[in-house]
Amino acid sequence: MVIGEGPVIEEPRLDVRRPSSSRWSQRRFLVVFLPLLAAVLTGAITLAVPGRMLLPFERITTLEGKMASKRDFFEDPEVQRLLLKHRIRVHITSSGSREVAVQDVSSYDFVFPSGQPAGDLITTQLAAENRPAKVHRPFVSPIVLPTYRAYAETLQDAGIATAQRGSGPGLPLYYVLDMGKFLGSVDRGRRWNEIGIRDHGISNANRIVVQSSDVCDSNSAGTYLGLVAFTWHGEGDEVPDTDREADERGRAIKPLLEQGLPGADVFRTYISPEGKGIAPVVVAYEHQYLTYQAQYQAESGKLDSDRVLLYPSGQFVTQPQFIALNERGDRLGELITRDPELRRRAMELGFRILDPTGEVASDQLAAFLKDRNIPVPSMEGDNTRSSMPRLRYLERMISIVGGCPAAGTPDAGTSPAGTSPTESSAGKSAGESAGVPE
C-alpha cells in the first residue's frame, strides 16, 4: 500500500507456536537420559563387586617384598583381589631364600624366606644392627621329592620306596622314600637302568640323583642338605654340633647332592613337557605339587597321574617366616596370618595353615582336597622328624657343598677350609640363572 510518495513498511509479526505435547517432551528426555543412567549404574555395580567398592577413589598402598617360592601366594589373582579389599598391593622381587638372607633388605617392607634357616639369618642380622622386625608364621609346607610314576614304581620294585595306602582310589600319587636305602644307592653310584627302570618303559643310564636349586641361594636345597646330613651320618651323631663335625659331614655328603639346575626354578622344570628328561627327581615343596594337581584337575577334569610325590622317611616341615621390616609390612603380616579369607586361600593353594596355637590345621586341607577328588597324602611319615643342625653348622656344610662363604652369624667362625672368601652367590654372572631358586 502506498500513501503519498513513499512505501509503507509493515510492523514485524511474532509467531507464537503452540506448546508441544508433554508426552513427546518426556519421551525425548528419556531417550537421552536413560542411556546415561544405565552407564552410571553399570559402573556402580562394577565397583560394588566385593573387594572393589570405591577403589578408584581410595588410596592403594604398594608394599615391596622379596621372596622365593612363596611368591606363588602373592601372585595368585584371588589373593591380590582380597588384598585390594584392604587397599594393599604387593610388588615382588624374586630371589632365593638364602640369597635374601645374605643381601641388604633395607629397601623392602617385608621379606618372606621359605624356611627357618634363612629366616634366622635375617632376624639375627637385623638384631645385630638393632633394627626392629616382627616375624609372622602363617603356614607351613613339607619338603618333598616330586618324580614320575615310572621312577617311583622302579624305586618301589627295588624296595626303596613304598606306596602310601588309603589316600584314595586309583593309582597311588604318594610314596614314602626310605632315605637310608636311597642315599645308599646314590653313594654306590647306581644307575636307573641298573635298578630296573626299563621294566617301566624308560631307558635311563644316568646315575640316581635328586636335583635341587643352588644350595648357596635356596632354602629348599639347604633344607634337603640338612635332611641328607641327618640321614647320612655314619658312626657320628645325627646332627653335627662342632665345626669339625660339620666340615666332615659336609665333605661326606657333597657327592650325594646334585645341583644340576643352578639358580633355576626346579619345580617349573618338573611340570614342563621336558621335565622327565631333564630332572626325574627334584626337591620342592608340597604346596607346589598340590596346587599343580588342583589346577590340572580344574582344567582337564582329571589328575595328572604320571607326576607323583616321594615323601622322605625323615621329614622336615619347613616353616616360612614372614618378616615385617616396618609398620606397613607388619599390617600385611597380620592380615595373611589372621584374615579368614586369606587363610582359606592359602589352604586352597596347598599350604598347611596354622591355627592360633601354632599347630597345623591339616583337616582343612584334607577337606579341600577331598572336595576336588584329589587324594589326601598321609601324615604317617611325620612321626620321624629330622633335626636341623644349628645355623652355624648348617652354614658350614652349605659352604663346603656349594663353594660359597658361610653366611655371617654371631657364632660363625671363618669359612671352612677350601672355601674361597671371594666366592658368593651374589658374585655369579647374571647369565647363570634362568630363574629363581626356592
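Each remark here, short or long, concerns the structure printed above.
Quick caveat, the model's predicted, so the values are computed rather than measured.

*Asks:* Please explain the overall build of the protein chain as it appears in this structure.
*Replies:* Tallying secondary structure elements over the protein chain gives 16 helices and 14 strands in all. Counting across all 438 residues of the protein chain, residues that qualify as buried make up 47%. If you take every contact in the protein chain between residues at least 6 apart in sequence, the share linking residues at least 24 apart comes to 74%. With the model as given, the accessible surface of the protein chain reaches about 21,800 Å², and the carbon-plus-sulfur share is 51%.

*Asks:* Explain helix α13 (residues 327-338) to me, please; I cannot follow it from the model alone.
*Replies:* For an α-helix the count is 3.6 residues per turn, leaving residues at separations of three or four pointing the same way. Here α13 spans 16 Å end to end across twelve residues, near enough to the 16 Å set by a 1.5 Å rise per residue. All of the buried residues along α13 are Gly329, Leu332, Gly333, Leu335, Ile336 and Thr337.

*Asks:* Would you mind going over the environment of Pro375 with me for this structure?
*Replies:* Its place among the elements puts Pro375 in the loop between α15 (362-371) and α16 (391-402). Classification of Pro375 by relative accessible area gives buried; the value is 10%. Taking the C-alpha atoms as reference points, Pro375 and Pro172, 203 residues apart in sequence, are found 8.4 Å from one another.

*Asks:* Would you mind showing me how to read the side chain of Ser185 here?
*Replies:* Inspection of the secondary structure assignment puts Ser185 in helix α7 (residues 179-187). Here Ser185 is in contact with Ile160, Arg190 and Ile208, once residues within four sequence places are set aside.

*Asks:* Sorry if this is basic, but what is going on with the sheet that holds strand β6 (residues 134-136) here?
*Replies:* Strands pair in a sheet through their backbones, by hydrogen bonds, and they do so in one of two ways: parallel or antiparallel. Strand order across the open sheet formed by five strands is β4-β3-β5-β13-β6, with mixed pairing between neighbours. At either end of the open sheet lies a strand with only one pairing partner, and these are β4 (88-94) and β6. Adjacent strand axes in the sheet meet at a mean angle of 25°, parallel and antiparallel pairs treated alike. Bridge count between β6 and strand β13 (residues 322-324): three bridges; the pairing is antiparallel.

*Asks:* When you look at the packing of aromatic side chains in this model, what are you seeing that I'm missing?
*Replies:* Given two aromatic rings, their pairing is described by the distance between the two centres and the angle made by the two planes. Counting across every chain of the model gives 14 aromatic pairs. Residues Phe73 and Phe74 carry aromatic rings whose centres are separated by 5.1 Å and whose planes lie at 85° to one another, so their mutual orientation is edge-to-face. The two residues Phe73 and Phe74 agree in class, both being buried. Centroid distance Phe112 to Phe139: 5.9 Å. Interplanar angle 40°. Geometry classified as tilted. One end of the pair, Phe112, is in strand β5 (residues 110-112); the other, Phe139, is in strand β7 (residues 139-148), and 27 residues separate them in sequence. Look at Phe112 and you get buried, because its relative accessible area is 0%. Through pairs of rings, three or more aromatic residues link up here, namely Phe73, Phe74, Phe110, Phe112, Phe139, Phe322 and Phe351. We note Lys70 situated over the ring of Tyr285; from NZ or CZ to the ring centre the distance is 3.9 Å. Positioned above the aromatic ring of Tyr270, the side-chain terminus of Arg307 is 5.7 Å from the ring centre.

Criteria and thresholds
Residues numbered from 1 in each chain as written. Predicted model: local features only at pLDDT ≥ 70, side-chain atom pairs only at ≥ 80, totals over all residues. Heavy atoms only, no water. Helix = DSSP H or I, 4+ residues; strand = E, 2+ residues; numbered from the N terminus. Buried < 20%, exposed > 50% of the residue type's maximum accessible area, 1.4 Å probe, protein only. Contact = heavy atoms within 4.5 Å. Areas by Shrake-Rupley, 256 points an atom, 1.4 Å probe, with all protein chains shown as cover. Expected span 1.5 Å × (residues − 1). Pairing = 2+ DSSP bridges. Axes fitted to C-alpha atoms, helices over the stretch in contact; angles between N-to-C directions. Phe/Tyr/Trp six-rings, centres within 6.5 Å; stacked < 30°, edge-to-face > 60°. Lys NZ or Arg CZ within 6 Å of the ring centre and 35° of its normal.

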